[in-house]
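# Observations on the three-dimensional arrangement
The residues making up each chain are set out below.
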Amino acid sequence: MAAETDRTSLTSACTAAESFTKLYYDFLDKMRHKLSKLYLENGKLVWNGNAVDGNNNIQKFYEDLPPSVHILNCLDSQPVREEAVGKQSTIQVTTAGFVTLKDRKYPFHQSFLITAKEDKWKVVSDVFRFQST
């Protein structure tokens, strides 16, 4: 029975991660003015070593970057055990791919911790990093 519960939890995490990342990268590439809605009010971002706290500051940070186009090559997700997060539904999401900024293409890796709040997934913490080639 526990194995079936774990399998169901993994499947749910994968489905949620796929839906969330599609929405997230659509917002990031096309609707940055709404990006704060995807983060908790006290969400955290570390973007290539630059730390940003708070959903409105994160949105402003991204709005100041050049327009982007993200292409994902890889997506992985794992549910975080409820015992570790106070029975709050939480998922670790990891992506990798390429982002184009100012006509220059960069390989990147991004890792999110998302949690359910009011029936919506919100980013708790987000780490984005260009990968060296």
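Residues numbered from 1 in each chain as written. Predicted model: local features only at pLDDT ≥ 70, side-chain atom pairs only at ≥ 80, totals over all residues. Heavy atoms only, no water.

Under an unreviewed UniProt entry, the name given to the protein is NTF2-related export protein, and the organism recorded is Petrolisthes manimaculis. If you open the UniProt record of the protein and go to Function (unreviewed entry), you find "Has a role in nuclear-cytoplasmic transport of proteins and mRNAs." (UniProt positions renumbered as here; feature names shortened; annotations may be inferred.)

Positionally, valine 124 belongs in strand β6 (residues 120–130). Accessibility expressed as a relative area gives 26% for valine 124, which makes it partly exposed. Considered as a pair, valine 124 and glycine 43 are 81 residues apart in the sequence and their alpha carbons are 4.8 Å apart. Apart from residues no more than four positions distant in its own chain, valine 124 is found in contact with Leu40, Gly43, Lys44, Leu113, Ile114 and Thr115. (Helix = DSSP H or I, 4+ residues; strand = E, 2+ residues; numbered from the N terminus. Buried < 20%, exposed > 50% of the residue type's maximum accessible area, 1.4 Å probe, protein only. Contact = heavy atoms within 4.5 Å.)

It is worth spelling out the packing of aromatic side chains at this point. According to the stated counting rule, one finds 14 aromatic pairs in the structure shown. Ring geometry for tyrosine 25 versus phenylalanine 108: centroids 6.2 Å apart, planes at 55°, classification tilted. Residue tyrosine 25 is found in helix α1 (residues 2–30), and its partner phenylalanine 108 is found in strand β5 (residues 104–117); the two are separated by 83 residues along the sequence. Exposure remark for tyrosine 25: the relative accessible area of 5% places this residue in the buried category. With a relative accessible area of 1%, phenylalanine 108 lands in the buried category. When the ring of phenylalanine 108 is compared with that of phenylalanine 128, the centres are 5.2 Å apart and the planes differ by 15°; the resulting orientation is stacked. With phenylalanine 108 in strand β5 and phenylalanine 128 in strand β6, this residue pair connects regions lying 20 residues apart in the sequence. In this pair, the class of phenylalanine 108 matches that of phenylalanine 128, namely buried. Note that lysine 105 overlies the ring of phenylalanine 98, its terminal NZ or CZ placed 5.0 Å from the centroid. (Phe/Tyr/Trp six-rings, centres within 6.5 Å; stacked < 30°, edge-to-face > 60°. Lys NZ or Arg CZ within 6 Å of the ring centre and 35° of its normal.)

The next thing to look at is the pattern of salt bridges. Two side chains bearing opposite charge may form a pair once their charged atoms approach each other closely. One pass over the structure, following the stated rule, counts four salt bridges. Between aspartate 26 and lysine 30 there is a salt bridge, with its nearest N and O atoms 3.8 Å apart. Taken as a pair, aspartate 26 and lysine 30 lie in helix α1 at a separation of four residues, close to a single helical turn. Using a relative accessible area of 64% as the deciding quantity, one classes lysine 30 as exposed. A salt bridge links aspartate 53 to lysine 44; the shortest N-O distance between them is 3.5 Å. On the basis of relative accessible area, lysine 44 is assigned to the partly exposed category, the value being 42%. (Salt bridge = Lys/Arg side-chain N within 4 Å of Asp/Glu carboxyl O.)

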